[in-house]
Amino acid sequence: MDKADTHPGAPAIGIEGLRKSFGDLEVLGGIDLTVARGEVVCVIGPSGSGKSTLLRCVNMLEEPSAGRISVAGAEVTDPDVDIDRVRRRIGMVFQSFNLFPHLTALDNLTIAQRRVLGRSRPEAEKVARANLVRVGLTDKEASYPAQLSGGQQQRVAIARALSMEPELMLFDEPTSALDPELVGDVLAVMRQLADEGMTMLVVTHEMSFAREVADRVVFMDEGAVVEQGAPEQVIGNPQHRRTRVFLARVL
Ligand code: ADP
Ligand code: MG
């Protein structure tokens, strides 16, 4: 069995004692967090609290300074693991959509399927079209990113991630760069994914999304998990002063 293989009984994400420093700056001071399969976990917290760094450590875009992280039982922090094989199972959506500007929406969705998964063009296009339908962009396959609104571009980015058939999805403030009137369409797609049972770890400032869609909300401050629990608890009845101060600013 390869170290990158999935273990059926393992949680989607397991994080133990995760620390990360940039030089002298400690950004994550020991995070423990488990995400079950099918669970939707929203991470909230002030700017600079380490939310993006946490997410980026899960697929090793940042190398942890200490601690262990596993994805479906494959330990990504093990230097002997084939990290590229694990990454294929993780979809990531960023605040900036990171589409290829010179490729159409359809080609943005097929390129990694063909290059990474070795799918033929017809096979990749079939999967791509099904995922454009899923995000409500059936008629945009021939459009280039510059011809699409920010919300449409972000939905293409989500469809691109889905075309790789990931086991879990990481979202880092996917609606923060959007004009307010475009946020709802992207959140609706994310809500639908959650309803379909996708495992999702979502950094967001959209408190109504967190309240309605998350199974669990995690509040982070200064590189630590301050409190976590059901949304009605963490957002509705926070126990820590720092959580209340943060919520008073964003609600
Ligand atoms: P958040 O997403 O919660 O706003 P980040 O994880 O982006 O927080 O950043 C946490 C802290 O780490 C910030 O102080 C930020 O400046 C710092 N930081 C993030 N990435 C780097 C990096 N590559 N080099 C140095 N410092 C970084
Ligand atoms: Mg961030």
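Read on for a plain summary of the structure. (Residues numbered from 1 in each chain as written. Chains lettered and ligands numbered in written order. Predicted model: local features only at pLDDT ≥ 70, side-chain atom pairs only at ≥ 80, totals over all residues. Heavy atoms only, no water.)

Each helix and strand in the protein was counted, giving nine helices and ten strands. The C-alpha radius of gyration of the protein comes to 18 Å, within 12% of the 18 Å expected for a compact globule of 251 residues. On the principal axes, the C-alpha backbone points of the protein span a range of 50 × 45 × 35 Å. The proportion of buried residues among the 251 residues of the protein is 53%. The long-range fraction of contacts in the protein, counting pairs at least 24 apart against all pairs at least 6 apart in sequence, stands at 66%. On the protein, roughly 11300 Å² of surface is accessible, and the fraction owed to carbon and sulfur atoms is 46%. Of the side-chain charges in the protein, 28 are positive and 35 negative, and the distance between the mean point of each set is 2 Å. (Helix = DSSP H or I, 4+ residues; strand = E, 2+ residues; numbered from the N terminus. Rg over C-alpha atoms; globule rule 2.2 N^0.38 Å. Buried < 20%, exposed > 50% of the residue type's maximum accessible area, 1.4 Å probe, protein only. Contact = heavy atoms within 4.5 Å. Areas by Shrake-Rupley, 256 points an atom, 1.4 Å probe, with all protein chains shown as cover. Lys, Arg positive; Asp, Glu negative; His and termini not counted. Charge placed at Lys NZ, Arg CZ, Asp CG, Glu CD.)

It is worth spelling out the layout of surface pockets at this point. Its volume calculated, the largest pocket comes out at about 650 Å³. Taken together, 23 residues make up the lining of the largest pocket; nearest its centre are Ile-90, Met-92, Ala-112, Arg-160 and Met-164. Mapped onto the lining of the largest pocket, the elements with two or more residues apiece are helix H2 (83-87), strand E6 (90-93), helix H3 (105-115) and helix H5 (150-163). For the lining of the largest pocket, a count of residues per class yields 14 nonpolar, four polar and five charged. (1 Å grid on protein atoms, 1.4 Å probe; cavity = no way out; pocket = protein on both sides within 12 Å on 5 of 7 lines; lining within 4 Å. Points joined across faces, edges and corners; volume = space filled by probe spheres on them. Nonpolar A, V, L, I, M, F, W, Y, C, P; charged D, E, K, R; others polar.)

The values are spatial; any link to function lies outside them.
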